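Observations on chain architecture
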Amino acid sequence: MKRSGMKLRGYLWIAGGASILLLLACLLFAYMKMLLSFETTLLLTGFALAAGVVSLLLHAALTRPIHTSLAALSKQSKELAAGRFHARAPLLGPAEFRELAGAMNDMAEALSDSFEQVRRAEQSRRELVANVSHDLRTPLASIQSFVEALQDDVIQDEATFRRYLETIRLETSRLGGMIDDLFQLSRLDSGALKYEPATLFVDDLLIDLLQSHAVLLDEKRIEVRTQVAERMPTVEGMPELLTRALSNLLTNAIRYSPEGGEIRIAAALDEDGVRISVEDQGPGVPAERRERLFERFYRPDKSRSRAQGGAGLGLAIVASIAKLHDGEAGVESADGGGSRFWIAWPTKRKDVPSGVEVVSLS
């Protein structure tokens, strides 16, 4: 709805004109009361009219920047209302209007970032629906076909019967792992987990990690080399979650490493805290895709097979666990090819966020 009304310049003109009329009325009153002579009254009237004209001209000159600045702010507000957050108001006019224009520009920048986050969240949601639907449908279809074959007595020999049962067990385990990933990621992202640290040794974390992955490493004949900094002190953290994060990194390294390859695990300490990296000899990750690797439900290779990954939740869980520990996770190119994934967190957090009690997700 279009609103009509007098503009600021009109009000200023009326104020200036009223001042001149008041001054002239005072001169006329003084002349009528014989307080001033005719010649003096005429002279003062001329001065008043001249001063009034100069005042109106100054009003016009001085209000032009204000009018221009207000017009720019009005235009920007309309652009923002229309969803065009790229619009920026020029810094014109008096200092107060410049500050207002700067605040409007900051607001536009914040709105642009917010809507970009919303857009990316919507894109992630669509990727979730597509990826999880595919990854759930595939094992479910496999389980259904094998169960129907067993129900129809198609399988007669004991070996094939047991092989079918083993396949059903493996596919069911895959489904359970995917559901567990979704559940844990949702709890991490919602802030439902309370940070309750325990004192732990990095050596113990790595020993447990290698023991739990011994079978996978033996299957691909992968050699693991570990390097732990000397005099590594105890650190604070949640052992279950840190073990889960390191397990995800090592599982990815095993998945993409060639048979007979080598994986290097290194633990170092610097002024920011402890940093554990897992380096593989896989194909590596292009630079343009590294920024999105830790996003939820993102998979760099949309066409990869089931054996090469799930719904893209593992690295997102690593990033969320690192954030809970006031740390971060990242990836970089390894020397001689491959990738080096790492997680880092301070040896001791200064702040402890509030939340509900931690529940075991293992």
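The structure reproduced in this document is the subject of the present report. Note that the structure is a prediction, hence the values are computed from the model and not measured. (Residues numbered from 1 in each chain as written. Predicted model: local features only at pLDDT ≥ 70, side-chain atom pairs only at ≥ 80, totals over all residues. Heavy atoms only, no water.)

1. Some remarks on a negative patch on the surface
Negative charge collects at one region of the surface, where Asp-270, Glu-271, Asp-272 and Glu-328 lie side by side. Note on Asp-272: relative accessible area 60%, which makes it exposed. (Patch = residues over 30% accessible without salt bridge, like charges linked within 9 Å, V, L, I, M, F, W, Y side chains within 5 Å. Areas by Shrake-Rupley, 256 points an atom, 1.4 Å probe, with all protein chains shown as cover. Salt bridge = Lys/Arg side-chain N within 4 Å of Asp/Glu carboxyl O. Lys, Arg positive; Asp, Glu negative; His and termini not counted. Charge placed at Lys NZ, Arg CZ, Asp CG, Glu CD. Buried < 20%, exposed > 50% of the residue type's maximum accessible area, 1.4 Å probe, protein only.)

2. Some remarks on the environment of Val-331
Along the chain, Val-331 turns up in strand S6 (residues 328-333). A sequence separation of 53 residues divides Val-331 from Val-278, and the C-alpha atoms of the two residues are 9.5 Å apart. With near-sequence residues (within four places) excluded, Val-331 lies in contact with Arg-290, Leu-293, Phe-294, Ser-339, Arg-340, Phe-341 and Trp-342. (Helix = DSSP H or I, 4+ residues; strand = E, 2+ residues; numbered from the N terminus. Contact = heavy atoms within 4.5 Å.)

3. Points about the packing of helix H5 (residues 202-212) against helix H7 (residues 239-256)
Where H5 meets H7, the axes come as close as 10 Å, and the angle between the chain directions of the two elements is 50 degrees. One finds that H5 runs oblique with respect to H7. When the axes of H5 and H7 are compared, the crossing they make is right-handed. For the pair formed by H5 and H7, the contact residues are Leu-205, Leu-206, Leu-209 and Leu-210 on the first element and Pro-239, Leu-242, Thr-243, Leu-246, Ser-247 and Leu-250 on the second. (Axes fitted to C-alpha atoms, helices over the stretch in contact; angles between N-to-C directions. Parallel < 35°, antiparallel > 145°, perpendicular 65-115°, else oblique. Left-handed = near helix turned anticlockwise from the far one by under 90°.)

4. Some thoughts on unusual backbone geometry
Positive phi, normally seen in glycine, also occurs at Arg-221, with a value near 50 degrees. Among the structural elements, Arg-221 can be located in the loop between helix H6 (214-219) and strand S2 (223-228). One non-glycine residue with positive phi stands out, namely Asp-326, at about 65 degrees. Residue position: Asp-326 is located in the loop between helix H9 (314-324) and S6.

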